[in-house]
Structures are given as C-alpha cells and as structure tokens.
Protein chains: 2
Amino acid sequence: MTSTTEENHLKAIYYLSKDCTKRVFTNDLADKIGSKPSSITDMVKKLSKKGLISYQKYKGVELTELGKTYSLKIIRKHRLWELFLVKHLKLGWDEVHDMAEQLEHIDSETLINRLDAFMEYPSHCPHGDPIPDANGKMRLNDNVLLSKLRVGNMGLISCVDDNSSAFLQYLNKMNIELNSEIRIEEILTYDNSMQVRVNNSMDLITLSEKAINSIYIKLIS
Amino acid sequence: MTSTTEENHLKAIYYLSKDCTKRVFTNDLADKIGSKPSSITDMVKKLSKKGLISYQKYKGVELTELGKTYSLKIIRKHRLWELFLVKHLKLGWDEVHDMAEQLEHIDSETLINRLDAFMEYPSHCPHGDPIPDANGKMRLNDNVLLSKLRVGNMGLISCVDDNSSAFLQYLNKMNIELNSEIRIEEILTYDNSMQVRVNNSMDLITLSEKAINSIYIKLIS
DNA sequence: CTCGATTTTTAGATAAGTCTAAAAATTAAT
DNA sequence: ATTAATTTTTAGACTTATCTAAAAATCGAG
Ligand SMILES: [Mn+2]
Ligand SMILES: [Mn+2]
Ligand SMILES: [Mn+2]
Ligand SMILES: [Mn+2]
C-alpha cells in the first residue's frame, strides 16, 4: 500500500526525471512538492526501502520499474479524471487540475478501468498529455516547445505544460486552446516574446517568454 | 477544514443519532468506526472544540447545526458518487460503497454540484437512501422495516440498510433488488425468518431475521 | 442506597509526516 | 589541492491519529 503522500512523491519524481531519463535531486523534489529537503530525505529513504526508487546518499534518486509502474498508474488516474471533468461535467480545463490532484489517489482498479471504458479509452487529457492505458503503456507526445520555433513555422497546439489556473485562464483570454493553429509572425529578441497568429485571425497575439515555454506544438510546417 | 477521519466521525455520529433524533455514545461510536473508545474520546473533544458537536463528559454527543450541515454534505457526496458508479459506470450496487467511502471526501463544491446536474438531480442512491440537495435538504424515506410486517402485506423494496457486499450479493442471488415487489407469505416464529414471494414468482424465498431487519418496504397493502 | 459491572476518560506510548537548526558531504573556484 | 559555497543528511521536536492499561464516573440490581 502507498499513502497519498508517497504517491505524490512518486509522481513528482516521475515528472522531474523527465519520464525516467535523468536522476532527481533532493532540493528540486522539495521545491516541486512544496516541502523541505530534510522531509524529502526521510521520504526517499522510505520509498527506497519499499523498492519503489533507488537512492544513493547525496546522489539523488531514480524510479525502479515498480516505482515507474506505480507512478504511471497515478498519472493515468489523474488524466482520466481530468478528462471526465471537462468532457462530461463541463468544467473548464483551468478548473480541473486540483480536483484531479485529489481524485488520482482514489484506490480502485475497477473504478478507473470503468471510467476509461465509459470515455471509450481516450488518448489524451484536456491539457494534451497522453493517458497511460490499463497496462501502464503510454506513448510519449511527439511535439516541440513553442519557444524553439522560428518565424514562419506553423503548427497546432498539442499540449500545455503548466496546469495552473492562472496560466490556463491567460490562454482562455487569448482565445488559445488545444488544437488552435499557431503561426509565428515575429520573435522579439528584447524580451524573448513572440508574436503569433491564432487560427488565422486578423490581429496578432503577443506571448511572453514564460508562456511560450509552457506550450507545445505539433508542427505543420 | 475537516480531515478525512473527522468527516468519518461526523458521518458515523449522524447515522448513530438516527438523523439527529438521539444522543450518541462513545462505545457505539467506537464500534461503528472500528476504533477504541479512548480514540473516540480524543476525537469528540476535537470536534467539540471546532463547534461541530456538543459533548458532555460521560453523556455522549450530538451534532450542532454546523455539524449536521457538514454531515449531510458528506452523505450527499457519498450517495451521488454511488449513483454515478452504478448508473454510468455500470458497477453493481454491491461494489460501490467502498469506492464512495473514498470519493465522499473529495473536497470540491463545484465538482459535486456538476455531478448532481449531470445526473439530473437524482433523489435516491442505488440503495434507496435519499440524496440531500445542494442546500443540504433531505426528505426522509417514508417506509417500514420488512421485519415489522405481517402475512399478507405487500410492498416494494424501497431501501436497504446494509451496504456490505456480502448482504447485497445475497440479495442478488435471491433476485431481489430495489423496487422488487414483496408479498409476505409466512413468518416462521422458530427463527423469525420470513417466506416471501418476489415479483409474483412461483417459488418462495426464505429471508433470515438478519436480512429482514435490513430491508425497508414501501407498503402497497 | 450501595456495590459491582459497565462505560468513559486519562495517561502515556507509537507511527507517519512534517519542520528547524546544525553537521556532514559534495561541488566549484581559485 | 584548498577552501568556500551549495547541497544533503542528521538530530531532535511537533502534530494528528491511533493504541493499551489504568483510573474515574455512571448505571443498575438488589
Ligand atoms: Mn493535471
Ligand atoms: Mn496528488
Ligand atoms: Mn454507501
Ligand atoms: Mn468515509
């Protein structure tokens, strides 16, 4: 059995490891979770003893296969619930992350598999992240960060990396949503902001450096 | 803010008080919750300090208006989630109580009100209990315990008082469900069991004393 | 009304998860 | 290779929720 806090730590490790491609360090984990490094040290010892992560003193942690399996189960639940809330309960994509933060810890394999079936085995959450299937398989998105693109590039918004309501409401205001078509018209080197055209609209929209580092694009050209 | 355990204690007090009609005592609460009397004493002191119950040493507790409001919110969430699981996710009435035991603690007024709207403001859970509305109003069921009836009485099953999967699977086996028509054919004083006819079927069904004390009937005659 | 049984409370202990402050290890810069 | 800055761990404390064992209060039979 894993407690809610253990699950939150596992998930944070999964995210900070960038899908298990690098090690995760104590201070980064503390920032992500919103706790103190000393608390993290205690928790990683515990998760390590349970065989969910491998931990070397002073050298960070990485998920074991078992830990990765657990993390993906939590991520699956989080994303399925988010989609249910948006698609069926008509909540906004800016409202659902915190609810899913609670729902992801509901412990029932049966329930989540029925929810998956009810929604006909969806592939992505409302923020464009892929949903692991019942076997824990997840196809990683093939997309690029908006901030890496050049003037003239075009594409569809495939994913947003920041699930805070502040950011998502900012996108609402700009009339930007998943699958909006984006064309990069100008890059302002002064503050690294970008002028983009959304869905062929007349007027341009300026996106800050912060924003374009949280938006992923599926390139058309 | 109320923790999950605080909420579970409040709900248990509500049930043991029979909808706030009588005081609730330490040992009964301990049995219901599955903890020890000493733990209950600690918890009722805490709930009392928060103004959710009134507590007199050695004389049991009762819910305050605030405590009753809180309890009904939890009961509302429990029953709405149960209905969602049965009606939309196609789970059996014998599978959902434990899941709802977790879901009832999800903290979001918006979410639960949307779920209510999604199901078009249902009046009863899959076990026949009334669902409090968004204002905390709940119309109590008008029905009688099957064990109180006499030979010749007829009625529809309106509610079951025991949400354990053991009991509900027993009813499944007997082909008894909510709204089944019951006619009492014979009462065996030897062991207080009852022979009943279900939905006018040819063969009779014997229900134990234990079972007929968990089934409520809306009388026809 | 009194005494024994029952119920409830108190006292003290434990486990999980967190914190602060101090010590130790690692890393980076001369 | 030292030394200074940074990172991480340890030590000790606190909170919540639980327990056992013992003390105190209440109840109920005669
Ligand atoms: Mn999310
Ligand atoms: Mn979470
Ligand atoms: Mn139930
Ligand atoms: Mn509960």
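Before reading on, note that the structure itself is shown above.
Procedures and definitions
Residue numbers restart at each chain and count upward from 1, following the sequence in its written direction. Just so you know, chain letters begin at A and ligand numbers begin at 1, following the order they were written in. Whole-chain, interface and lining totals are the exception, using all residues; otherwise, since this is a predicted model, local features are given only for residues with pLDDT of at least 70 and side-chain atom pairs are given and counted only at 80 or more. With hydrogens and water set aside, each side-chain value is computed from the structure's full complement of heavy atoms. Water is absent from the atoms considered, so a metal site may look incomplete; donors are defined as N, O and S atoms within 2.8 Å of the metal, or 3.2 Å for Na, K and Ca. Runs of E in the DSSP output that reach at least two residues are strands. Runs of H or I that reach at least four are helices, and both are numbered from the N terminus. Working definition: with a 1.4 Å probe on protein chains only, accessible area under 20% of the residue-type maximum means buried, over 50% means exposed, and in between means partly exposed. The pairing test for Phe, Tyr and Trp rings, Trp by its six-membered ring, is centres within 6.5 Å, and the orientation test on the planes gives stacked under 30 degrees, edge-to-face over 60, and tilted for anything in between. We call two residues in contact when some of their heavy atoms are within 4.5 Å. Buried area adds together the accessible area that both of two parts lose upon being put together, with accessible area traced by a 1.4 Å probe. Here a salt bridge means any side-chain nitrogen of Lys or Arg lying within 4 Å of a carboxyl oxygen belonging to Asp or Glu. We define a polar contact as two N or O atoms separated by no more than 3.5 Å, with the added condition that, inside protein, one atom must be a possible hydrogen donor and the other a possible acceptor, whereas residues neighbouring each other in sequence contribute only through side-chain atom pairs.

The subject of this paragraph is the coordination of the manganese ion (ligand 3). All names here are of chain B. H78 (NE2), E82 (OE), H97 (ND1) and N163 (ND2) make up the full set of protein donors to the manganese ion (ligand 3), lying at 2.1 to 2.6 Å. Here the donor residues for the manganese ion (ligand 3) map to a single chain with the spacing H-x3-E-x14-H-x65-N. Of this pair, E82 sits in helix α4 (residues 65-87) while N163 sits in the loop between β4 (154-160) and α7 (165-173); the two residues are 81 residues apart in sequence, bridging distant segments of the chain. As far as burial versus exposure is concerned, E82 and N163 are alike and both buried.

Residues and elements named next belong to chain A. Donor atoms from the polypeptide that coordinate the manganese ion (ligand 2) comprise N8 (OD1), E101 (OE), E104 (OE) and H105 (NE2), at 1.8 to 2.5 Å from the metal. Mapping the donors of the manganese ion (ligand 2) onto the primary sequence yields the spacing N-x92-E-x2-E-H. Note that N8 is positioned in helix α1 (residues 4-16) and H105 in the loop between α5 (97-103) and α6 (109-118), a separation of 97 residues in sequence. In this structure N8 comes out as partly exposed when scored by relative accessible area, which is 25%.

This next bit is on the packing of aromatic side chains. Two numbers describe a pair of aromatic rings. These are the distance of the centres and the angle of the planes. Under the counting rule described, the total for this entry stands at 12 aromatic pairs over all chains. With a centroid separation of 6.1 Å and 80° between ring planes, the pair formed by Y14 of chain A and Y15 of chain A is classed as edge-to-face. Take Y14 of chain A: its relative accessible area is 3%, and that puts it in the buried class. On the basis of relative accessible area, Y15 of chain A is assigned to the partly exposed category, the value being 31%. A ring pair is formed by F84 of chain A and F118 of chain B, whose centres lie 6.2 Å apart and whose planes are at 85°; its orientation type is edge-to-face.

Our focus in this paragraph is the interface of chain A and chain B. Counting residues at the interface gives 20 residues for chain A and 20 residues for chain B. Summing the contributions of chain A and of chain B, the shared interface buries around 1600 Å²; its carbon and sulfur component is 73%. In terms of surface lost to chain B, no three residues of chain A exceed L89, Q102 and R114 of chain A, which account for 30% of the buried area on that side. Counting the contacts that link chain A with chain B gives zero salt bridges. There are six residue pairs in polar contact (both at pLDDT 80 or more) connecting chain A and chain B. When contributions to the side of chain A that touches chain B are tallied by element, the ones reaching two or more residues are α4 (65-87), α5 and α6 of chain A. When residues of the side of chain A that touches chain B are assigned to their parent elements, the largest contribution, five residues, is made by α6 of chain A.

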